[in-house]
Amino acid sequence: MNADLFTQTAHAIEQEVSKVIVGQVKLIRHTLITLLAGGNALLEGVPGLGKTLLVRTLAQIVDCRFSRIQFTPDLMPADIVGTMLLTEDDHGHRSFQFEPGPIFANLVLADEINRATPKTQSALLEAMQEHTVTVAKTIYKLPQPFFVLATQNPLEMEGTYPLPEAQLDRFFFKIEVPFPAVDELVEIAERTTGVETPRAQPVASGTTITAMQQLARGVPIARHVTEAAARIIRATHPDDPMAPELVRRYVRYGASPRGMQALILAGKIHALLDGRFNVALDDLRAVAYPALRHRLILNFEAQAEGISADTVITKVVEQVV
């Protein structure tokens, strides 16, 4: 795997996804960056915008095993990770045997994750961070590559539970799914209400994705770019001298070191997708919003005045970079 092949393969994946998903260029790009970084993505948007279709299409394109988990208030952790079953062989001997749950796949869609209780949401924590599952004191490794794409309904909708900060921090990107424009709605209708339904073709494999992930980590980054990423993270903390007035007034807690890891790694992949083998400050600016918006904990005053995390990030990047 070299840089040119990386770029060609990534663009081929994007083109195949675009055959099924209308518009949503940023959504497709940010989801692909998350996959190539070996991270997990959180998609937020109202129902019906194609979030489920996106990850199902992506699984077809990279020719990986796909699994979908529909989160509901009565879903239990064992429904996700699996459970021990009592089995009996031909000789009448009984023993416990582990039956893997739907988490044992390459691409896992956690649909409407904030409709489940916090206890069930936490079943994903170990899988997302360590790529393992622990059941009855035994650790099971998950298949590689492993990628969780969770969808989330806005909290204003009924029957939702906010995700805890520790779990939010384990998502590499939080990607907002905008509502389609008029021309995009027309094209969606033409594609989905006709005789033929567009289908994507495989252009990569799990082995290819793993090789692309390894190549991305080898992209060089200059010291001053790394320091710029560190200043961005520091400036999101209200008690830091570099923090803008907007941060001091509206932010309770700033981004964690995982936020910096996401900035750097996403910046490397963004550079490769642009045909460059070095990271620029513009790469950090391009990925700052999905990498940090879920890692900023705003206070009540921000919510009351309609100040969003993206507004704060804009001010931080303008002042620091």
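Everything that follows concerns the structure shown earlier in this document.
Being a predicted model, the structure only gives us computed values, none of them experimental. (Residues numbered from 1 in each chain as written. Predicted model: local features only at pLDDT ≥ 70, side-chain atom pairs only at ≥ 80, totals over all residues. Heavy atoms only, no water.)

K.L.:
Could you clarify how one ought to interpret the overall build of the protein chain in this entry?
P.N.:
Each helix and strand counted, the protein chain has 15 helices and 11 strands in total. Taking 20 Å as the expected radius of gyration for a compact globule of 321 residues, we find that the protein chain reaches 21 Å, a close match to that expectation. Across the 321 residues in the protein chain, those meeting the buried criterion constitute 49%. Per element, the accessible surface of the protein chain, about 15,500 Å² overall, is 53% carbon and sulfur. Of the side-chain charges in the protein chain, 30 are positive and 36 negative, and the distance between the mean point of each set is 5 Å. (Helix = DSSP H or I, 4+ residues; strand = E, 2+ residues; numbered from the N terminus. Rg over C-alpha atoms; globule rule 2.2 N^0.38 Å. Buried < 20%, exposed > 50% of the residue type's maximum accessible area, 1.4 Å probe, protein only. Areas by Shrake-Rupley, 256 points an atom, 1.4 Å probe, with all protein chains shown as cover. Lys, Arg positive; Asp, Glu negative; His and termini not counted. Charge placed at Lys NZ, Arg CZ, Asp CG, Glu CD.)

K.L.:
Before we go on, may I ask you to explain the environment of Pro-238 in this structure?
P.N.:
If you trace the backbone, Pro-238 turns up in the loop between helix H10 (223-235) and helix H11 (245-250). Each C-alpha atom of the pair Pro-238 and Lys-26 lies 30 Å from the other, and the pair is 212 residues apart in sequence. The residues contacting Pro-238, other than those within four sequence positions of it, are Ala-243, Val-247, Arg-248, Val-251, Arg-252 and Gly-254. (Contact = heavy atoms within 4.5 Å.)

K.L.:
Before we go on, may I ask you to explain the side chain of Ser-256 in this structure?
P.N.:
Within the secondary structure, Ser-256 sits in the loop between strand E10 (251-253) and helix H12 (257-273). Other than its neighbours up to four places away in sequence, Ser-256 contacts Asp-169, Ile-233 and Arg-295.

K.L.:
What is the right way to look at the pairing of strand E4 (residues 94-100) in this model?
P.N.:
Two faces make up the sheet, and in a regular strand the side chains alternate between them. Sheet topology places strand E3 (residues 82-88) next to E4; seven bridges connect them, and they run antiparallel. Residue pairing for E4: Thr-83 is matched across the bridge by Glu-99. (Pairing = 2+ DSSP bridges.)

K.L.:
Would you take a moment to explain the pairing of strand E2 (residues 66-70) for this structure?
P.N.:
Every second residue of E2 is oriented toward a common face, the buried set being Ser-67 and Ile-69 and the non-buried set Phe-66, Arg-68 and Gln-70. Strand direction decides the pairing type here: E2 and strand E5 (residues 107-111), joined by five bridges, are parallel. Considered in E5, the bridge of Gln-70 is made with Asp-111.

K.L.:
Help me understand the sheet that holds strand E1 (residues 41-44), please; the structure alone is not making it clear to me.
P.N.:
Strand pairing in a sheet takes place through backbone hydrogen bonds and is either antiparallel or parallel in direction. Taken together, five strands build an open sheet; the order of strands is E2-E5-E8-E1-E9 and the sheet is parallel. Each of the sheet's edge strands pairs with one partner strand only, and the pair in question is E2 and strand E9 (173-176). Direction aside, the axes of adjacent strands within the sheet are offset by 20 degrees on average. In terms of strand pairing, E1 meets strand E8 (residues 147-152) through four bridges, oriented parallel. What sits directly across from Leu-42, in E8, is Ala-150. Across the face of the sheet, helix H2 (residues 25-37) comes into contact with E1, E8 and E9 while running at roughly 165 degrees to E9. (Axes fitted to C-alpha atoms, helices over the stretch in contact; angles between N-to-C directions.)

K.L.:
How do you make sense of the pattern of salt bridges when you look at a structure like this?
P.N.:
Side-chain pairs of opposite charge can arise where the charged atoms are in close proximity. Scanning the model with the defined rule gives 17 salt bridges in all. Across the salt bridge formed by Glu-16 and Lys-19, the nearest N and O atoms sit 2.8 Å from each other. Placement of both Glu-16 and Lys-19 in helix H1 (residues 3-20) is noted, with a separation of three residues, approximately one turn of the helix. A residue is classified by how much of its surface remains accessible, and Lys-19, at 40% relative accessible area, is partly exposed. Residues Asp-274 and Arg-276 are paired through a salt bridge, measuring 3.1 Å at the closest nitrogen-oxygen approach. For Arg-276, a relative accessible area of 25% gives the class partly exposed. By sharing partners, the salt bridges in this structure join Asp-169, Arg-258 and Arg-295 into a single network. (Salt bridge = Lys/Arg side-chain N within 4 Å of Asp/Glu carboxyl O.)

K.L.:
Looking at this structure, I do not really get the environment of Pro-220. What am I missing?
P.N.:
Mapped onto the elements, Pro-220 comes out in the loop between helix H9 (206-217) and H10. Given a relative accessible area of 41%, Pro-220 falls into the partly exposed group. In sequence terms Pro-220 and Gln-60 are 160 residues apart; their C-alpha atoms lie 32 Å from each other. In this structure, Pro-220 is in contact with Phe-277, Asn-278 and Val-279, ignoring residues within four places of it in sequence.

K.L.:
Sorry if this is basic, but what is going on with the packing of helix H13 (residues 281-292) against helix H15 (residues 309-320) here?
P.N.:
Helix-helix packing is characterised by the crossing angle of the two axes and by the distance between the axes. Interhelical geometry of H13 versus H15 gives an angle of 145 degrees and a closest axis separation of 10 Å. As H13 packs across H15, the resulting crossing turns out to be right-handed. Counting all contacts with H13, which are made through Arg-285, Ala-288, Tyr-289 and Leu-292, the residues of H15 involved are Asp-310, Ile-313, Thr-314 and Val-317. Residue composition of the contact of H13 with H15, by class: five nonpolar, one polar and two charged. (Left-handed = near helix turned anticlockwise from the far one by under 90°. Nonpolar A, V, L, I, M, F, W, Y, C, P; charged D, E, K, R; others polar.)

Function cannot be read off these values alone, since they describe shape.
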